[in-house]
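# Descriptive analysis of the structure
Residues per chain, in single letters:
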Amino acid sequence: MCFGYKLSRCRRKCYEVIGEDERLQVFSKFISLNTKNEQDCYLQTLMSTTEVKQRRRRKAPEESSKPERGATFLYEISTPDGKHQVCKLAFMNIHSVTSERLRRLGNLLKAGKLPQDQRGRNVSGNAKPESVINMVKEHISSYPTKITHYGNTEKHFLNEKLSVYDMHKAFQKKYPEVSVNYKFYLKVFKTQFSLRFGLPQVDTCCTCEELQVKIKSKYLSDNVKTAAAAEKMVHLRRAKKFSKKIKDITQKCQEDEKIGGLCIDYMQNLQLPCIPVQETFYLRQLTVSVFCIHNLRDNSVTFFVYHEGIGAKGPDEVCTFLLKYIESSCEDVENLHLFSDGCGGQNKNHTIVRLCSALVALDRFKSVDQYFPVRGHSFLPCDRDFSVLKRKIRRSDRIFTLHEYKDLILSASRMNEFSVVLVENNEIVDFKNWWPRFYKKKMLSDETTGRNVPRNEKITFQISKFMHMSHCNDVKGKVICKTFIDGLQFQTFSLRNSNPSQLSLSTTRAYTDGLIPINSKKIEDIKKLMPYIRDDSEEIKSFYEKILTWPTVDKDGPEVEPM
């Protein structure tokens, strides 16, 4: 409150009657009112009018520019002791209001009206009707969008050939009678929508591309296009079952601790050293593998990081990492659900299937379900985690060791909790040579076994044909395979040998000879990069000293063995 330095005699008298504490109470009561209408009504109750007792005019009525006063206003302050009459200036200072506000309240009081807040009531002359705004929204929403998958947030993209200018031109052509300029259309586009233009697609489904070309072809008949459209619709429905199943299992995991869901996948290879030197484009570098396990229950992510001299990217590594994670993080899980892509050399092979069967046979789980997507639609939560890592790694122009990659991965953790395990060579277990001792490789389904079934109708165990495999405790040693996820038709295969020995998991090291030899040409290229690698860190120095003395091999790589 502003009381001024030079108070008039009237105000001094008012402040002598009303103390400072009482004035503060009055002001606090006034500002505690919620709306301006309530404040005005409160002030109006403290005002009263009387007739003018004395009129003095220095000019003649026809010469004066000021109107005659119609009333005299009296002002009171409501305190706990009662009401006290004060002057206008004291009333204004105590309530911190302007004289213009009191003048308006006085005119309403003379007219016998209550104050009404009129602010914001006048509609701007440039404002568009709600119907026009809705027409613009509907027009923008009519354009098809594509949804990005590689990210933590869902983003919608318009066609890269479009622009807001083109969309506005199309709106004017469709609604010539509606007056909407480009500036207003752009404002609605920016404020009401979160859209972007262009989405470079990678790794698209070959089936979808082929059918889309048939649908848009100018040389095919309508019957062929209709058949292609129907085939594409069925194909997409089957493909969506994979992502729908992930959502269902995620919800069940969060509701029931006995249900577990894991997504597994390998990230695109990284390189060491990662330096911005032009010469690295022409030289071979050390390959770094990153294996991801995403837990659907709490969205925690574990990365297993190692370079090519420690391990390969095969079923031995996948089984080792998966088993290690299950032993440490799935203690209470009884029903496990595994989601992975259909890569035959890593996730979808005989070794992984036999490991899942053994985990059920050894009573580690009551059931294990494996889910694989339709080719070209393998969108996993791991892909979003990889996208986060790539954005973080792109900001770093110099990376020299595995520990630096570990620090980058840990610092990239935002929404999901990241943890990193640096793999050692002696930790990888041999599972490729383990399972033939206990399980068969070639077999017919139980439903098509026997002489009554024609030879051309017999179904063999071909992993690539099945998208859903179930291992249950009720039928140990058998796997129930379905062509599509949650399909009605299924085939049962007996995996165990007819005379099985006592089942146990493998404990043999995968690489008994020690470290995996690296291509000698790659070692020579790394030597050429040594002048660009920092030597001020003992960790970096020892890492590359060990790499340069690594066992080498002259051929490009080991022969591919059956899984």
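Our subject is the structure listed above.
Okay, so let's go over this structure. In this text the structure is predicted, and so the values were computed from the model without any measurement. (Residues numbered from 1 in each chain as written. Predicted model: local features only at pLDDT ≥ 70, side-chain atom pairs only at ≥ 80, totals over all residues. Heavy atoms only, no water.)

### A word on the overall build of the protein chain
This is how the line gets drawn: Each helix is a run of DSSP H or I of at least 4 residues and each strand a run of E of at least 2, with the numbering of both proceeding from the N terminus. Using a 1.4 Å probe on the protein chains alone, a residue whose accessible area is under 20% of its type maximum counts as buried, one over 50% counts as exposed, and one in between counts as partly exposed. Any two residues whose heavy atoms approach within 4.5 Å at even a single point are treated as in contact. Under the convention used here, a 1.4 Å probe and the Shrake-Rupley method define accessible areas, while residue burial counts only the protein chains that appear.
The secondary structure content of the protein chain amounts to 16 helices and 18 strands. Within the protein chain, buried positions represent 41% of all 563 residues. Across the protein chain, every contact between residues at least 6 apart in sequence was considered, and the portion connecting residues at least 24 apart equals 71%. In the form shown here, the protein chain has an accessible surface area of approximately 33,700 Å², with 49% of it arising from carbon and sulfur atoms.

### Notes on a positive patch on the surface
For clarity, the threshold we go by: A patch consists of residues whose relative accessible area exceeds 30% and which take part in no salt bridge; residues with like charges are grouped when within 9 Å of each other, and nonpolar side chains (Val, Leu, Ile, Met, Phe, Trp, Tyr) when within 5 Å. Think of a salt bridge as a Lys or Arg side-chain nitrogen and an Asp or Glu carboxyl oxygen that are within 4 Å of each other. Two residue types count as positive, namely Lys and Arg, and two as negative, namely Asp and Glu; His and chain ends fall outside the count. Each charge is placed at NZ for Lys, CZ for Arg, CG for Asp and CD for Glu.
Taken together, the side chains of Lys155, Arg196, Lys390, Arg391, Arg394, Arg395 and Arg414 make up a positively charged region of the molecular surface. Considering every element that reaches the positive patch, the biggest residue donor is helix H13 (residues 381–394), with three residues. Summarising the element assignment, Arg391 is placed in helix H13. Judged by its relative accessible area of 31%, Arg391 falls in the partly exposed class.

### A word on the side chain of Lys482
Structurally, Lys482 is set in strand E15 (residues 478–482). For the buried Lys482, no salt bridge is present, and the opposite-charge side chain at shortest range is Asp486, 5.2 Å distant. Apart from the residues within four sequence positions on either side, Lys482 is in contact with Phe466, Met467, His468, Gly487, Gln489 and Phe490.

### Notes on helix H16 (residues 538–548)
The test is simple: Of all possible arcs, the one meant is that of the directions from the helix axis to the C-beta atoms.
Restricting attention to buried positions, one finds in H16 the residues Ile540, Phe543, Tyr544 and Ile547. Down the axis, H16 shows its buried residues gathered within 85° of arc, on one side only. More than 90 degrees from the buried face of H16, the exposed residues found are Glu538 and Lys546. The elements touched by buried residues of H16 are strand E8 (270–272), strand E9 (286–295), strand E10 (301–307), helix H14 (402–412) and helix H15 (520–529).

### Quick look at the sheet that holds strand E2 (residues 72–79)
The line we're drawing: Only strands that DSSP links by at least two bridges are regarded as paired with each other. Simply put, an axis is a line fit to the C-alpha atoms, just over the touching stretch for a helix, and the angle between two N-to-C directions goes from 0 to 180 degrees.
Within the open sheet, the three strands sit side by side as E1-E2-E3. Their pairing is antiparallel. Only two strands of the sheet have a single neighbouring strand rather than two, namely strand E1 (47–50) and strand E3 (82–86). Geometrically, the sheet is characterised by an average inter-axis angle of 35° between neighbouring strands, direction not taken into account. Strand direction decides the pairing type here: E1 and E2, joined by four bridges, are antiparallel. Note on E2: the bridge partner recorded for Ser48 is Leu74.

### Side note on the state of the cysteines
Linking two cysteines covalently through their sulfur atoms gives a disulfide. Put simply, the rule reads: When the sulfur atoms of two cysteines come within 2.5 Å, that pair is taken as a disulfide.
Summed over the entire model, instances satisfying the criterion amount to zero disulfides. As a non-bridged cysteine, Cys382 has Cys292 as the owner of its nearest cysteine sulfur, 3.7 Å distant.

### Quick word on empty space enclosed by the protein
Our working rule: A cavity here means a set of 1 Å grid points, computed over protein atoms only, where a 1.4 Å probe fits but cannot escape. A pocket is an open set with protein on both sides within 12 Å along at least 5 of 7 lines, and lining residues have an atom within 4 Å of a point. Grid points are joined across faces, edges and corners, and a volume is the space filled by probe spheres set on the points. Charged means Asp, Glu, Lys or Arg here, nonpolar means Ala, Val, Leu, Ile, Met, Phe, Trp, Tyr, Cys or Pro, and polar covers whatever is left, Gly included.
Within the structure shown, the criterion is met by two cavities of 30 Å³ or more. The space that makes up the largest cavity amounts to roughly 60 Å³. Lining the largest cavity are Arg238, Lys241, Phe242, Phe372, Pro373, Val374, Met467, Phe484 and Ile485. Of the residues contributing to the lining of the largest cavity, the split by class is seven nonpolar, no polar and two charged.

### Quick look at the nonpolar core
To keep it simple, the criterion reads: The set of buried Ala, Val, Leu, Ile, Met, Phe, Trp, Tyr and Cys residues whose side-chain atoms join them within 4.5 Å is what this entry labels a nonpolar core.
Membership of the largest hydrophobic core comes to 98 residues, with the highest contact counts inside it found for Leu262, Leu272, Phe303, Phe339 and Phe461. Sorting elements by how many residues they give to this core places helix H12 (residues 350–361) first, with eight residues. Apart from residues lying up to four places away in sequence, Phe461 is in contact with His350, Val353, Arg354, Lys441, Met443, Phe466, Val479, Cys481, Phe493 and Leu495. Residues Leu46, Met47, Ile77 and Val86 belong to the second largest nonpolar core, which totals 20 residues.

### Some words on the packing of helix H3 (residues 36–45) against helix H5 (residues 99–111)
This is how it is decided: Small angles under 35 degrees read as roughly parallel and large ones over 145 as roughly antiparallel, with 65 to 115 read as roughly perpendicular and the rest as oblique. In this scheme the handedness of a crossing depends on how the near helix is turned from the far one: anticlockwise by less than a right angle means left-handed, clockwise means right-handed.
In the contact formed by H3 and H5, the axes pass within 10 Å of each other and the chain directions differ by 70°. As judged from the angle between their axes, H3 and H5 are roughly perpendicular. Classified by chirality, the crossing of H5 by H3 is right-handed. Facing H3, whose interface residues are Lys36, Gln39, Asp40, Leu43 and Gln44, H5 presents Arg101, Arg104, Leu105, Leu108 and Leu109. Across the contact of H3 with H5, the residue classes break down as four nonpolar, two polar and four charged.

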